[in-house]
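Coordinate analysis (summary)
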Amino acid sequence: TPRETMDDRETLHFLRRVVYDHSGIHLTHKEEGLLTTRVARRVRELRLPSARHYAELLHSPEGRPEIPSLIDAVTINYTFFFREQAQFHALAAQVFPRLLAERGAGEGGALRIWSAGCSSGEEPYSIAVTLAEVVGNPERCDARILATDINRRVIRIGSRGVYPEDRFVHMPREYHHKYLVRDADTPAGSFRLCDEIRALVAFRRYNILRDAAPLRGTLDVIFCRNVMIYFDPPTKTRLLSNFLRYLAPGGYLFIGESEKLDGGGLGFEPAGPSIFRKAWGQGPPGR
């Protein structure tokens, strides 16, 4: 059976290597059970005899279109609105007011935000709602939120902007009537984000380790939370170096509460709960 075949160490090693090479995700021996289960599902869907045959498919030129499906299968997408609430309090009380004042957003300035590893979109929409609360009317400032993930399925979910009720349990109740919609086009037991919030967020499939810079110019805020826990130390260092390069001086990086910055911060200064700021001396201000 596929599950038995996955005990073959050579097959397991090859599949882990494919995942690492194409996503940067370092599947340890502890995650072999997840890899076994998810690959067995793809083997059944493709009607292949075994996991070894699946590995042979991936190794062949004809199998290259299957690699994104493998990445989709093994990526973990656990999230909800306003996850790690202390960071959103800081975003509303400190980060956005400071950036809006420094960048002159609302008076011709621009605010550029990237949700890297956005999963199914709850994080970037939470950012958008927080911004709307700070500025009153988002149309008053030139703000754009880019939401990216390597998983194609979650990008489609985020683009629709429709979620089950239980994803909103940590969203402040007063936001529900302002930003959530339930109409004839919304499935029972779900809410849709209002058009004004959805318009702030653009979704795109993106590989944060292999693709070019996500936007032209520099960014003001990067959220990359609970993503680096899947990377080995060299990959984390490379990613943080990229983030430092992408951020404008004074820009902010948000990471997961369980994550740490290695290498003494690599040019970042502490600025809040798992929040870091690029020092103003790190390159010239402006765009």
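Residues numbered from 1 in each chain as written. Predicted model: local features only at pLDDT ≥ 70, side-chain atom pairs only at ≥ 80, totals over all residues. Heavy atoms only, no water.

Take the sheet that holds strand β3 (residues 162-164) next. Through backbone hydrogen bonds, the strands of a sheet pair up, either in parallel or in antiparallel fashion. One open sheet holds the 3 strands; their spatial order is β3-β5-β4, and the pairing between them is antiparallel. Edge positions in the sheet fall to β3 and β4 (180-181), since each has one partner strand and no second. For β3 and strand β5 (residues 190-193), the ladder comprises 3 bridges, and the chain directions are antiparallel. In the sheet register, Pro-164 faces β5, and the bridge partner there is Ser-190. (Pairing = 2+ DSSP bridges. Helix = DSSP H or I, 4+ residues; strand = E, 2+ residues; numbered from the N terminus.)

Moving on, we get to the sheet that holds strand β2 (residues 142-149). If you trace the 7 strands from one edge of the open sheet to the other, you get β6-β2-β1-β7-β8-β10-β9, paired in mixed fashion. With partners counted over all chains shown, the strands left at the sheet margins are β6 (201-205) and β9 (268-272), one partner each. Pairs of neighbouring strands in the sheet enclose a mean axial angle of 25°, with direction left out of account. Strands β1 (110-116), β7 (219-224), β8 (247-255), β9 and β10 (275-278) of the sheet are contacted by helix α6 (residues 85-103), whose axis makes an angle of about 170° with β8. (Axes fitted to C-alpha atoms, helices over the stretch in contact; angles between N-to-C directions. Contact = heavy atoms within 4.5 Å.)

Secondary-structure assignment places Ser-69 in helix α5 (residues 67-74). Placed 174 residues apart in sequence, Ser-69 and Phe-243 show a C-alpha to C-alpha distance of 27 Å.

Once that is clear, we can look at the confidence of the model for the protein. Summary statistics for the protein give a mean pLDDT of 86 and a share of 91% for residues scoring 70 or more. For the protein, per-element mean pLDDT is lowest for helix α1 (residues 2-5), which scores 45, and highest for β7, which scores 96. Here residues 1-7 scores under 50 on pLDDT; set against residues more than four positions off or in separate chains, the count is 17 contacts. (pLDDT = per-residue confidence, 0-100.)

Another point: the pattern of salt bridges. Per the counting criterion, the structure on display carries 15 salt bridges. Linking Glu-45 and Arg-42 is a salt bridge whose minimum nitrogen-to-oxygen distance equals 2.4 Å. Of this pair, Glu-45 and Arg-42 both sit in helix α3 (residues 32-46), separated by 3 residues, roughly a single helical turn. Looking at Arg-42, the relative accessible area reads 15%, which means it is buried. Where salt bridges share partners, they join Asp-183, Arg-192, Asp-195 and Arg-198 into one cluster. (Salt bridge = Lys/Arg side-chain N within 4 Å of Asp/Glu carboxyl O. Buried < 20%, exposed > 50% of the residue type's maximum accessible area, 1.4 Å probe, protein only.)

Turning our eyes to something else, we now look at α5. In terms of residue burial, α5 counts as a mostly covered element, since 7 of its 8 residues are buried. Buried residues belonging to α5 abut α2 (9-23), α3, α4 (51-59) and α8 (152-160).

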